[in-house]
Structure formats: C-alpha cells, structure tokens
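A closer look at the structure
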Amino acid sequence: MNKYKTEVMVGIFVALTIGALLLLSLKVANQTVATDADTYTLYAKFDNIGGLKPRSAVKVGGVTVGRVTTIALDQEDFTPVVTLSIMKEYNGFPETSSVSILTSGLLGEQYVGFQPGFSFDGVANLQDGDYLQDTKSALVLEDLIGQFLFNRGSDDE
Amino acid sequence: MSFFQSLGATTIGKITAIGRATIMLFGALIAVPRVKNIPLTIKQMHVVGVQSLLIIIVSGLFIGMVMALQGYTILVDYGAEGSLGPMVALSLLRELGPVVTALLFAGRAGSALTAEIGLMKATEQLSSLEMMAVDPLRRIVAPRFWAGIISMPMLAIIFSAVGILGGHLVGVDWLGVDAGSYWSIMQSTVDWNQDVINGVIKSLVFALVVTWIAIFKGYDSIPTSEGISKATTETVVLSSLAVLGLDFVLTALMFGIE
C-alpha cells in the first residue's frame, strides 16, 4: 500500500514535469523546427550590415520566412556576405527579388526585409545557393547625420 | 617545520578525499544497469523529488511574481512593459531556475541525504550490509545518486514554468500588461536550444555536483553525532558555493561568447 502511494506520487511528479515542459515548449519558446532538410540557402552581399546578427529574422511583408545563419566577410572584395536560410515552403521567389536591412521600431533589432520581385517570362526563380543581386545596406545613423550636416552646409553658401 | 607539515597534511587529506569521492562516484555510476535497483530509485525520487515539490513550486511562484513586479516598475518608464514576458522567462530559464532550484535542493534534499547516510554509518548499518555481502554503494548510494540526478532537472523545469505563470499572474492579471504581448514577445525571444536546453544542461550539472557532494559527505563523515552535524553543514555550504561558482563558468561557456 505504501509502495503504491510512493509510485503514485512519483507518477504525479513526472506528469507535472511533462506538463511544465509542454508549457515551456509550446507557449514560451519558439519552436523553430527549421533543420537543414526544411530550408534552402540564399546569399546576399551588402556594403554594410549595421547591427545584423546571426539568427536575425528574414521577413517578407512582416512574415518571418527564414533566419540569418552566418555572416562572413568575402576575402576578395571585402564586403559582408550574409547567408539566409529560407523555409522550403516559401520557394519560388523570382530572381529580381531584393533584400534590405531594416530595423523594427526605432530602437528594435535589425532584420532582413525581403521584397519579392516581379516575375515575367525569362526570369528564373531563386534556387538553393543563389546570390541575391539587388541589396540595400543598413542605415547607419552616423552616415545619416553626416549627410544631413553636409547638405545644410552646402545650402548656406 | 610544523607549518610545512600541516600544509602537507592538508593537501594530502584533500587529495585523498577527492580520490575517495571519485571511487564512490564510480561505484555508484557502475551500479545503474541493475534492474532491481529501479524500485529503490523510485522510492528515493519520492524522498528527494516529490517531497521538494512544495518548496520549489512556492519559491518559483513568488520569484516569478517579484520579478514581474520589479521589472514592470522599471520597464513602464520606457513604455516597454511588453518586454516583461521575455525578461521574466529568460532570467528564469537561463539563471534563476537552475540556480535557485540547486540551492533549495542542497538545503532541502542534500542535507537530508548527508544526515541519513551519516547516521547509517554511525549506527554501523553500512558495515552490516557489507557483512551480508550487500554492496552499500549499490544498495544505498546508487539509488539516491540517480534519484537526485533525475529529480533536479525536473524540479528546475517545474520551477521555471511556475515562475513564468507567476509573472503572468502579477504582470498581466494585476498590473495590466497585455496578455498577447506577454506571450508573443516571449515566444519570439526565447529559443528552445539556446535557452531551455541550456538551462536543463545547467541543472543536470548542478544535480550531479550537489548529489555527489551530499552523498560523499555522508559516506565519508566521522561516525559521531558531532561529525554528522559537521558533514551536514559542509554539504550545504560546499554545494551552494560549487553551484554558484559553476554557474558562472557555465554561463560564460553558454552565453558569454557570441
């Protein structure tokens, strides 16, 4: 009888743990089950990536379609190369698509905004391993202020 | 001369103690494949795990509630009270869950393990087992060791989950943070591998260290009432220090290098 009670209590303990784990996995953590099998890889060269980090989101019109996996410097022309892994269910973007580095909110984190281009005859779809040609760099606040001051100076003359 | 003698004696004493502890750990780890030890382990899980549930749930609830209250008063100044969810969840999953559980476990279960095994030694129950050709490492130490290692990560997971619900209770139901932003910003910030799994790994390491220290201090105690009281104190002090020190090392390894 006593042994039975012990086993019931341990059973409740295990059930509580599983419940807590379910809460953590379903409500707390984002279960990005994006493994290599479910994604394809695109590359984009930027002049300046600003504050972009690995694991930043790639969004099309606000919908997250993938993540930044690695950021490296091209050894030949010394520009940053960003590797994007996009979920397989979002394929068929035309080659004329462009990417830009945007900021969510005034102080938010930076993400890659992906604008699908127009598709017409003769434009192939993006395949695994392709480079995106049309890229816009991150806005760097110092450059912006410098440009503004420069414009003001030239106005006065 | 006597200084060097005492220095040498202390060093040799510490090193032989580490040796004895390793032999005991090895003996306990070897003993796992025995099927007949499983009922004993379940009984010990009841002692160290189930009976610690109440203190874990209550402290988790209150720590989550306090963090929500403190975080809200600061975040609301910047209009960023939506970030309350990730703040509570990340601090619980990464740090407070594993660490506070380990500290409470050392006080609640570790000290009991030391006292129990120490008293078994003092009343010569361990020697009697050996006389009957029963290996006390297999019969006494191994079930308690495995019960501790299995129970503590489970307790830490429950602690974090209850803490997040406690944060919800204060933040959303009382202070009026939007429930949607509490959960959705939490979901977009907390990563399964980076945060949840790393927290579980942390608490596994703490479980190993705390249970090992507790059992070894009991097994190695001087078999007098004074010796057992000293061993119990040493268990709590040493395992708390080990948990806090290891926590820094693990945090540096897991989150420090970006």
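Each remark here, short or long, concerns the structure printed above.
These remarks concern the structure in this document. (Residues numbered from 1 in each chain as written. Chains lettered and ligands numbered in written order. Predicted model: local features only at pLDDT ≥ 70, side-chain atom pairs only at ≥ 80, totals over all residues.)

1. Here we look at the overall build of chain B
Rules: The helix count covers DSSP runs of H or I at least four residues long, the strand count covers runs of E at least two residues long, and both are numbered beginning at the N terminus. We call two residues in contact when their backbone-placed C-beta atoms lie within 7 Å.
A tally of regular secondary structure across chain B gives nine helices and zero strands. Along the chain direction, N to C, the helices and strands of chain B fall in the order α-α-α-α-α-α-α-α-α. The contacts of chain B with a sequence gap of at least 6 include a subset with a gap of at least 24, amounting to 87%.

2. Things to note about the overall build of chain A
This is how the line gets drawn: Backbone-placed C-beta atoms define the burial measure: a residue is buried with 20 or more other C-beta atoms within 10 Å of its own, exposed with 12 or fewer, and partly exposed in between.
Along the backbone of chain A there are two helices and eight strands. Reading chain A from its N end, one meets helices and strands in the order α-β-β-β-β-β-β-β-β-α. By residue count, 20% of the 157 residues in chain A fall in the buried class.

3. Concerning the sheet that holds strand β1 (residues 39-45) of chain A
Residue and element names in this part refer to chain A. Worth spelling out the cut-off: Any two strands between which DSSP finds at least two bridges are classified as paired.
Spatial strand order, β7-β1-β4-β3-β2-β6-β5-β8: eight strands in an open sheet with mixed pairing. Edge positions in the open sheet fall to β7 (131-132) and β8 (134-136), since each of these has one partner strand only. As defined by bridge partners, strand β2 (residues 57-60) adjoins strand β3 (residues 63-73) across four bridges and the pair is classed as antiparallel. Note on β3: the bridge partner recorded for A57 is R67.

4. A word on helix α6 (residues 136-174) of chain B
Residue and element names in this part refer to chain B. This is how the line gets drawn: Multiplying 1.5 Å by the helix residue count minus one yields the expected span of that helix. What the bend at a residue measures is the angle between two axes, fitted to the seven residues ending there and to the seven starting there.
Taking 1.5 Å as the rise per residue, α6 with 39 residues should run 57 Å; its terminal C-alpha atoms sit 53 Å apart, in good agreement. In the structure, α6 departs most strongly from a straight axis at A142, where the bend amounts to approximately 35° and where the proline P143 lies between one and four residues downstream. With 30 of 39 residues buried, α6 lies mostly within the body of the structure. Of the residues flanking the end of α6, it is G176, one or two places downstream, whose phi is positive at about 85°.

5. Some words on the interface of chain A and chain B
Spelled out, the test is: Any residue outside Ala, Val, Leu, Ile, Met, Phe, Trp, Tyr, Cys, Pro, Asp, Glu, Lys and Arg is labelled polar, Gly included; the first ten of those are nonpolar and the last four are charged.
Between chain A and chain B, the residue contacts involve 17 residues of the former and 23 residues of the latter. Split into classes, the residues belonging to the side of chain A that touches chain B amount to 10 nonpolar, five polar and two charged.

6. Observations concerning the pairing of strand β5 (residues 98-103) of chain A
Residue and element names in this part refer to chain A. As judged from the six bridges shared by β5 and strand β6 (residues 110-115), these two strands associate in the antiparallel manner. Counterpart to S98 in the pairing with β6 is Q115. As paired strands, β5 and β8 are joined by three bridges and run parallel to one another. In the strand pairing of β8, V99 is matched with T135.

7. Considerations on the packing of helix α4 (residues 84-122) of chain B against helix α7 (residues 179-189) of chain B
Residues and elements named next belong to chain B. What counts is decided by this rule: Only the stretch in contact is used when a helix axis is fitted, and all axes are lines through C-alpha atoms; the angle between N-to-C directions ranges over 0 to 180 degrees. An angle below 35 degrees is treated as roughly parallel, one above 145 as roughly antiparallel, one from 65 to 115 as roughly perpendicular, and anything else as oblique. Left-handed describes a crossing in which the near helix is turned anticlockwise from the far one by less than a right angle; the clockwise case is right-handed.
Two elements in contact, α4 and α7, have axes whose closest approach is 7 Å; the angle formed by their N-to-C orientations is 50°. When the axis of α4 is compared with that of α7, the two are oblique. Taken as a pair, α4 and α7 cross one another with a handedness that is right-handed. In contact with L84, G85, P86, A89 and L90 of α4, α7 contributes Y182, W183, I185, M186 and T189. In terms of residue class, the contact of α4 with α7 is built from eight nonpolar, two polar and no charged.

8. What to know about unusual backbone geometry
A positive phi angle, close to 55°, is found at F78 of chain A, a residue other than glycine. Summarising the element assignment, F78 of chain A is placed in the loop between β3 and β4 (80-87). According to the C-beta neighbour criterion, F78 of chain A is exposed, with 7 such atoms within 10 Å. You will see that E124 of chain B, though not glycine, has its phi angle at about 60°, which is positive. By secondary structure assignment, the location of E124 of chain B is in the loop between α4 and α5 (125-131).

9. Let's talk about the nonpolar core
Operational definition: In plain words, the nonpolar core is the set of buried Ala, Val, Leu, Ile, Met, Phe, Trp, Tyr and Cys residues that C-beta atoms within 7 Å link up.
Membership of the largest hydrophobic core comes to 72 residues, with the highest contact counts inside it found for A89, I158, V210 and I215 of chain B. When contributions to this core are tallied by element, the ones reaching two or more residues are α1 (2-28) of chain A together with α2 (37-48), α3 (53-75), α4, α6, α7, α8 (192-219) and α9 (225-256) of chain B. At 19 residues, the largest contribution of residues to this core is made by α6 of chain B. For A89 of chain B, the residues in contact, after removing those within four places along its chain, are V28 of chain A together with I164, M186 and V190 of chain B.

10. Description of the pairing of β1 of chain A
Residue and element names in this part refer to chain A. With seven bridges joining them, β1 and β4 adopt antiparallel strand pairing. In the strand pairing of β4, A44 is matched with V82. One ladder, built from two bridges, connects β1 with β7; its direction is parallel. Within β7, the position partnered with Y43 by the bridge is Y131.

11. Description of the environment of L155 of chain B
All names here are of chain B. With respect to the secondary-structure elements, L155 resides in helix α6. L155 gets classed as buried once you count the C-beta atoms within 10 Å, which come to 32. Considered as a pair, L155 and I56 are 99 residues apart in the sequence and their alpha carbons are 6.9 Å apart.

12. Thoughts on α2 of chain B
Under the 1.5 Å per step criterion, the end-to-end length of α2 of chain B is 16 Å for 12 residues, consistent within 8% with the ideal 16 Å. Here α2 of chain B has its buried residues at T41, I42, Q44, M45, H46 and V48 of chain B. On the buried face of α2 of chain B, the contacting elements are α1 of chain A together with α4 and α6 of chain B.

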